[in-house]
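These are the residues of each chain, in order.
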Amino acid sequence: MDITDVGWEHKPPEYTTGDYWFDGKFFVTRNVQNTLSEEEITLIYAHIINLVQQKGGQDYLQVFEQKEAEYKLFFIDQVTRESLQNGEQPNEHNYCTLLFDWEY
């Protein structure tokens with residue numbers, strides 16, 4: 001099962017490469033938690049993790065749409081892997097957030 005099975009589409013990112021790995025702490029806004037199923041959230045998260053592992057990182061902003069319900073999600077990572085590894089960013093800044101576009 002993947003995101004398309006539950007009506008979601010991953011939109012092409014503005015930049016097709018990047019050093020964002022979405023591997024820090026995973027946050028989901030209350031609005032997303034209250035609206036989407038746990039299955040949808042898990043599938044979206046797994047989709048991104050698989051993508052960044054295949055591509056060796058991605059752009060910090062990933063966009064998902066569910067046309068039937070007219071939902072748009074932003075999945076945003078905060079720091080690059082390089083900035084964590086070279087100490088520019090502390091580990092507590094390593095998190096990613098799934099939110100509705102109108103929450104941004």
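Structure shown above.
Below or above, wherever it landed, is the structure these notes cover.

Conventions adopted
Residues numbered from 1 in each chain as written. Predicted model: local features only at pLDDT ≥ 70, side-chain atom pairs only at ≥ 80, totals over all residues. Heavy atoms only, no water. Helix = DSSP H or I, 4+ residues; strand = E, 2+ residues; numbered from the N terminus. Buried < 20%, exposed > 50% of the residue type's maximum accessible area, 1.4 Å probe, protein only. Contact = heavy atoms within 4.5 Å. Pairing = 2+ DSSP bridges. Axes fitted to C-alpha atoms, helices over the stretch in contact; angles between N-to-C directions. Expected span 1.5 Å × (residues − 1).

### Considering the environment of Pro13
With respect to the helices and strands, the residue Pro13 is situated in the loop between β1 (9-11) and β2 (25-28). Residue classification places Pro13 among the partly exposed residues on the basis of a relative accessible area of 21%. Separated by 46 residues in the primary sequence, Pro13 and Asp59 place their C-alpha atoms 6.8 Å from one another. The contacts of Pro13, once residues within four sequence positions are left out, are Gln58, Asp59, Leu61 and Gln62.

### Examining the sheet that holds strand β5 (residues 95-100)
Strand order across the open sheet formed by 5 strands is β1-β3-β4-β5-β2, with mixed pairing between neighbours. At either margin of the open sheet sits one strand with a lone partner, and together these are β1 and β2. The mean angle between the axes of side-by-side strands here comes to 20°, regardless of whether they run parallel or antiparallel. Here β2 runs beside β5; their pairing, made up of 4 bridges, is parallel. Its bridge partner lying in β5, Val28 is registered against Leu98. Taken strand by strand, helix α2 (residues 38-55) contacts β1, β2, β3 (61-66), β4 (71-77) and β5, and its axis lies near 140° from that of β3.

### A look at the pairing of β4
With 5 of 7 residues buried, β4 lies mostly within the body of the structure. Remark: 4 residues form the turn of the hairpin made by β3 and β4, two consecutive strands paired antiparallel; Glu70 in that turn has positive phi of roughly 60°. Across 5 bridges, the pairing between β4 and β5 is antiparallel. Among the inter-strand pairings, Phe74 is bridged to a residue of β5, identified as Leu99.

### Concerning α2
Between the first and last C-alpha of α2 there are 26 Å, a value that for 18 residues agrees with the 26 Å anticipated at 1.5 Å per step. The complete set of buried residues in α2 reads Glu40, Ile41, Leu43, Ile44, Ile48, Ile49, Leu51 and Val52. Taken together, the buried residues of α2 touch β1, β2, α1 (30-35), β3, β4 and β5. Within two residues after α2, Gly56 carries a phi angle of roughly 75°, on the positive side.

### Description of the environment of Leu51
Structurally, the position occupied by Leu51 is in helix α2. Note: C-alpha distance between Leu51 and Gln85 (34 residues apart in sequence) is 21 Å. Excluding residues within four positions of it along the chain, Leu51 makes contact with His10, Gln58 and Gln62.

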